[in-house]
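A look at the structure
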Amino acid sequence: MKELNKKAILKDLKENDIDIRIFSSIDSTNNECKRQCFDKKYLLITAEEQTKGRGRSGKNWISQKLGNVYMSFAFNNNLKNSPISLITGVIVHSILTKITQSKGFGLKWPNDILLKNKKIGGILVENEIQGNKIKTIIGIGINFNLEEKESWWGDLSEFSKIIERNNLINGITKNLIDYIENENLHWIDSWHYACSHLNKKVKVNSGSKTICEGIFIGINDDGSMNIKLDDKIENFKFGEVSIKGIY
Ligand code: BTN
């Protein structure tokens, strides 16, 4: 696995717009984004390992030095209520699909990245209010290799010769900037297309509790999901879903 490399990550990007820092080790790239002030339009932090990697819902994100992607991208957010975490999922999904030409990638609500129905990546978006500005931090973890894993975890090892990590980070950054500057992605259709459980029966969970079971019939432009129950359609903004045969 090639080391993280500034030049390769910034290829065809406007260097004047992006502050980039690469760490061999850091607590969490999202934490580092929060600590840093940035003079340029965007801040990109990436690291070979994280000692306190964080996942959604207060979970840890295992972040060993195994050639995985741990990146955080921060910007001053003027987007109108776009669910940037789902949009990021669409971006990552489409880049992985394009590079590998594989149909095995999928998304699980809200923003888990799957390969053959196993989780290979996740997204943690955090917002910080600074004066009258909202600084949004998009944290992305994508596993090429994991030493130990639960049965529902996968990795990209089968594509390690095809996907180059710096190239992947470059593609994600380019597409994020393109969305932020132009908002020209039909992301809802793309999200539905990539979804691994559209029209399937799901359990809606909050923490360890199952709230209901129903059919996942899609998302709205705020990123919330619609679940068809026996007699009504229920809308959820928060929580997790689990699906038989996926996880
Ligand atoms: C999830 O729980 O699915 C979200 C995982 C997000 C992990 C990434 S790795 C880079 C960034 N830094 C962190 O501490 N977390 C995110």
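Use the structure listed above.
The text that follows walks through the structure, step by step, so that each part is easy to find. All residue numbers here refer to positions counted from 1 along the written sequence of the relevant chain. For this predicted model, a pLDDT threshold of at least 70 governs which residues receive local features, and a threshold of 80 or more governs which side-chain atom pairs are given and counted, while totals over whole chains, interfaces and linings are taken from all residues. Hydrogens and waters are ignored; side-chain quantities use all the structure's heavy atoms.

1. Re the overall build of the protein chain
- Labels follow the DSSP assignment, with helices taken as runs of H or I lasting at least four residues and strands as runs of E lasting at least two, numbered in each case from the N terminus. Across its full length, the protein chain holds five helices and twelve strands.
- A globule of 247 residues ought to have a C-alpha radius of gyration of about 18 Å, and the protein chain, at 18 Å, matches this closely.
- With the principal axes as the frame, the protein chain shows a C-alpha extent of 55 × 45 × 30 Å.
- Here the protein chain holds 247 residues, and the buried ones make up 53% of them.
- A separation threshold of at least 6 residues defines the contact pool for the protein chain, and within that pool the share at least 24 residues apart is 62%.
- In this tally Asp and Glu are treated as negative and Lys and Arg as positive; neither His nor the chain ends contributes. By convention, charge coordinates are those of NZ in Lys, CZ in Arg, CG in Asp, or CD in Glu. Of the side chains in the protein chain, 36 bear a positive and 30 a negative charge, and the two mean positions are spaced by 2 Å. With the radius of gyration taken over C-alpha atoms, the globule rule is written as 2.2 Å times the number of residues to the power 0.38. With a 1.4 Å probe rolled over the protein chains alone, any residue whose accessible area is under 20% of its type maximum counts as buried; one over 50% counts as exposed, and the rest are partly exposed. The contact rule is simple, with two residues in contact once any of their heavy atoms fall within 4.5 Å.

2. A short note on the environment of E158
- When you line up the elements, E158 lands in the loop between β7 (133-142) and α4 (165-182).
- Spatially, the C-alpha atom of E158 lies 8.6 Å from that of F144, the residues being 14 residues apart in sequence.
- In the analysis that follows, any N or O atom pair within 3.5 Å is treated as a polar contact, provided that within protein one partner can donate a hydrogen and the other can accept it, and provided that, for residues neighboring in sequence, both atoms belong to side chains. Within the structure, E158 has its side chain in polar contact with the side chain of K116 (distance 3.0 Å).

3. Brief notes about a nonpolar patch on the surface
- Taken together, the side chains of I215, I217 and I233 define a hydrophobic patch exposed on the protein surface, amounting to about 230 Å² of accessible area.
- Inspection of the secondary structure assignment puts I215 in strand β9 (residues 209-219). The patches described consist of residues with a relative accessible area above 30% and no salt bridge, like charges being joined within 9 Å and nonpolar side chains (Val, Leu, Ile, Met, Phe, Trp, Tyr) within 5 Å. Here the open area of atoms and residues is found with the Shrake-Rupley method and a 1.4 Å probe, where only the protein chains shown may cover a residue. Salt bridges are defined by distance alone: a side-chain nitrogen of Lys or Arg within 4 Å of a carboxyl oxygen of Asp or Glu.

4. Considerations on the site of the ligand
- As a matter of local geometry, the ligand sits amid 19 residues, with S28, Q50, R54, R56 and K119 nearest to it.
- Between R56 and the ligand, the recorded distance is 2.7 Å, taken from a backbone N or O atom to an oxygen atom.
- Computed on the free molecule, the ligand has an accessible area of 420 Å², of which 97% lies beneath the protein chains in the complex.
- At the level of elements, α2 (29-35), β3 (69-76), β6 (118-130) and β7 are the ones that each hand at least two residues to the shell around the ligand.
- No other element matches β6, which puts four residues into the shell around the ligand.
- Under this grouping Gly is polar, as are all residues other than the nonpolar Ala, Val, Leu, Ile, Met, Phe, Trp, Tyr, Cys and Pro and the charged Asp, Glu, Lys and Arg. When grouped by side-chain class, the residues that make up the shell around the ligand number five nonpolar, ten polar and four charged. Any residue with at least one heavy atom within 4 Å of a molecule or strand is counted as near it.

5. With respect to the packing of helix α3 (residues 84-100) against helix α5 (residues 187-194)
- Look at α3 against α5: their axes get within 9 Å of each other, and the N-to-C directions meet at 60°. In this structure, α3 crosses over α5, and the sense of that crossing is left-handed. Taking contact as the criterion, the partners of L86, I87, V90 and H93 in α3 are, on α5, W187, S190, W191 and A194.
- Its residues assigned to classes, the contact of α3 with α5 shows six nonpolar, two polar and no charged. To get an axis, a line is fitted to the C-alpha atoms, and for a helix only the part in contact is used. The angle between two axes follows their N-to-C directions and goes from 0 to 180 degrees. Two helices that cross are described as forming a left-handed crossing if the nearer one is turned anticlockwise from the farther one by less than a right angle, and a right-handed crossing if clockwise.

6. Regarding α5
- Among the residues of α5, W187, W191 and A194 are the ones counted as buried. Buried residues in α5, looked at end-on, bunch into an arc of 70°, giving them a common side. Those residues of α5 that are exposed and aimed more than 90 degrees away from the buried face are D189 and Y193.
- Where α5 is buried, its residues meet α3, β4 (105-108), α4 and β9. Directions drawn from the helix axis to the C-beta atoms are what define this arc.

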